[in-house]
Amino acid sequence: MSRYSFLFSPRWLKYIAMTIIVVIACIFLALWQKDRQDQRQHEIETVNANYSSTPVDITSILPSTSATLDEAHEWQQVSLTGHYLSSDTVFARNRTVNDKVGYYVVVPFELTSGDTIALVRGWIAEPDQVPPTPTGKQTIDARLQPAQDGSEDNNPDGLIKAIDPARIPGMDSAYENVYAEVVHTGNGSPDETGLMPLPKPDLDPGNHLSYMLQWFTFGIMIIIAVSISARRERRAAAEAAAKVTGDVEYVVVDKEALGAGAKIPQPGNRYGRNRLSSPGVHGRDEAEEDELIEDRFRHS
């Protein structure tokens, strides 16, 4: 029988099944973290490529107002000419800048083509502190962002949670799937209008790579732990078998030699090693019994 035949016992089959499940889970989680790492790296590369890019005409990226923004064009700067529709200003709530919660000031901007796009002018702590919106014809550089889903938002008039063109008033012939953030040339301080510029997106790659390595390591450690447990159990079983075998004494009897008058070697009788060396009643009885056995062998 194989030394590892105990692995087919119900107990060990259960252990092995659990090990396989856990290892598969570790591999799945490691690959998921790898996908997150790749996705995050792609986002960082897009920001680095587009954030400080030369502004282009919006129609070169979005040929129609219903077009969707490709991931490769996120943060791309575009040049927009038109005027603000300040009467339709709304405030996107729960926006954090410099660890302070406030509002994004969102204003529809009507292009000279007649189309409109939602522009985030900047951040403000309270809606009643918003500075006046510039009037007249404006040429503005802004960074494109995909529109957010506000279909389930329920906000009072003038407030929004998601920057969704469909939830902003005054958006006739609007770019449906994008909005844009106004480019500020300052160093992060409030601009001439008093609005706080939006911060540059975070470029921290995160801990996805280390998490991936940790999950792979956990899977390998589990396999090693189960293997060590199996080896220890095999060794313990082998030692127990050796101990049982070591306590048994075997005597080879040659019937012909015995018939010629040879004596049976007695390293110890079946009742204990060298017990006959101690005189006593039990010792004499055992000696007599052994002589009877020898006689039977001789006459058989």
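Residues numbered from 1 in each chain as written. Predicted model: local features only at pLDDT ≥ 70, side-chain atom pairs only at ≥ 80, totals over all residues. Heavy atoms only, no water.

Trainee: I'd like to hear about the pairing of strand β6 (residues 138-146), residue by residue, with values.
Mentor: Summarising the sheet, strand β2 (residues 77-84) and β6 pair through six bridges and their orientation is antiparallel. Within β6, the position partnered with Thr81 by the bridge is Thr139. (Pairing = 2+ DSSP bridges. Helix = DSSP H or I, 4+ residues; strand = E, 2+ residues; numbered from the N terminus.)

Trainee: Report on the side chain of Arg40, specifying residues and quantitative values.
Mentor: Checked against the element boundaries, Arg40 lands in helix α1 (residues 10-50). In this structure Arg40 comes out as buried when scored by relative accessible area, which is 18%. A polar contact is formed between the side chain of Arg40 and the backbone oxygen of Asp204, at a distance of 2.9 Å. Dropping the residues within four chain positions of it, Arg40 is found in contact with Asp202, Leu203, Asp204, Pro205 and His208. (Buried < 20%, exposed > 50% of the residue type's maximum accessible area, 1.4 Å probe, protein only. Polar contact = N/O pair within 3.5 Å; in protein donor to acceptor, adjacent residues only side chain to side chain. Contact = heavy atoms within 4.5 Å.)

Trainee: Tell me about the packing of aromatic side chains, and name the residues and values.
Mentor: Across all of its chains, the model carries six aromatic pairs by this definition. When the ring of Phe91 is compared with that of Tyr103, the centres are 6.4 Å apart and the planes differ by 80°; the resulting orientation is edge-to-face. Taken as a pair, Phe91 in strand β3 (residues 90-97) and Tyr103 in strand β4 (residues 100-111) lie far apart in primary sequence, twelve residues in all. Given a relative accessible area of 13%, Phe91 falls into the buried group. Here the aromatic rings of Trp215 and Phe218 are separated by 5.6 Å at their centres, their planes lie at 85°, and the arrangement is edge-to-face. Here Phe218 and Trp215 lie together in helix α2 (residues 208-246), a separation of three residues that amounts to about one turn. Given a relative accessible area of 28%, Trp215 falls into the partly exposed group. In textbook terms, an aromatic cluster arises when at least three aromatic residues are bridged by ring pairs, as seen for Phe6, Trp12 and Tyr15. Here Arg95 stacks its cationic end above the ring of Tyr104, 5.4 Å away from the centre of that ring. The ring of Tyr51 is capped by Arg143, whose NZ or CZ atom sits 3.6 Å from the centre of that ring. (Phe/Tyr/Trp six-rings, centres within 6.5 Å; stacked < 30°, edge-to-face > 60°. Lys NZ or Arg CZ within 6 Å of the ring centre and 35° of its normal.)

Trainee: Break down the nonpolar core for me, with residues and values.
Mentor: Core analysis: the biggest nonpolar cluster contains 24 residues, and Ile58, Leu62, Leu80, Phe109, Ile117, Leu119 and Leu144 have the highest contact counts within it. Every element with two or more residues in this core is listed here: β2, β4, β5 (116-124), β6 and β8 (178-182). Element by element, the count of residues in this core is highest for β4, at four residues. Setting aside its immediate chain neighbours within four residues, Ile58 contacts Val78, Leu80, Leu111, Ile117, Leu144 and Tyr175. Val97, Tyr104, Ala118 and Val120 belong to the second largest nonpolar core, which has 16 residues in total. (Core = buried A, V, L, I, M, F, W, Y, C linked by side-chain atoms within 4.5 Å.)

Trainee: Hey, could you go over the pattern of salt bridges for me, with residue numbers and the actual values?
Mentor: Between side chains of opposite charge, pairing is possible as soon as their charged atoms come close. This model, assessed by the stated rule, comprises three salt bridges. With its nearest N and O atoms 3.2 Å apart, the salt bridge here joins Lys34 to Asp38. On the criterion of helical spacing, the pair formed by Lys34 and Asp38 is a turn pair, its members being four residues apart in helix α1. On the basis of relative accessible area, Lys34 is assigned to the partly exposed category, the value being 38%. Overall, Asp38 belongs to the partly exposed group, its relative accessible area being 40%. The residue Arg40 makes a salt bridge to Glu43 at a minimum N-O spacing of 3.1 Å. Separated by three residues within a single helix, Arg40 and Glu43 lie in helix α1, roughly one turn from each other. Looking at Glu43, the relative accessible area reads 36%, which means it is partly exposed. (Salt bridge = Lys/Arg side-chain N within 4 Å of Asp/Glu carboxyl O.)

Trainee: Give me a positive patch on the surface: which residues, what numbers.
Mentor: A surface patch of like charges, here positive, comprises Arg3, Arg231, Arg232 and Arg235. Turning to its location among the elements, Arg231 is positioned in helix α2. For Arg231, a relative accessible area of 44% corresponds to the partly exposed category. (Patch = residues over 30% accessible without salt bridge, like charges linked within 9 Å, V, L, I, M, F, W, Y side chains within 5 Å. Areas by Shrake-Rupley, 256 points an atom, 1.4 Å probe, with all protein chains shown as cover. Lys, Arg positive; Asp, Glu negative; His and termini not counted. Charge placed at Lys NZ, Arg CZ, Asp CG, Glu CD.)

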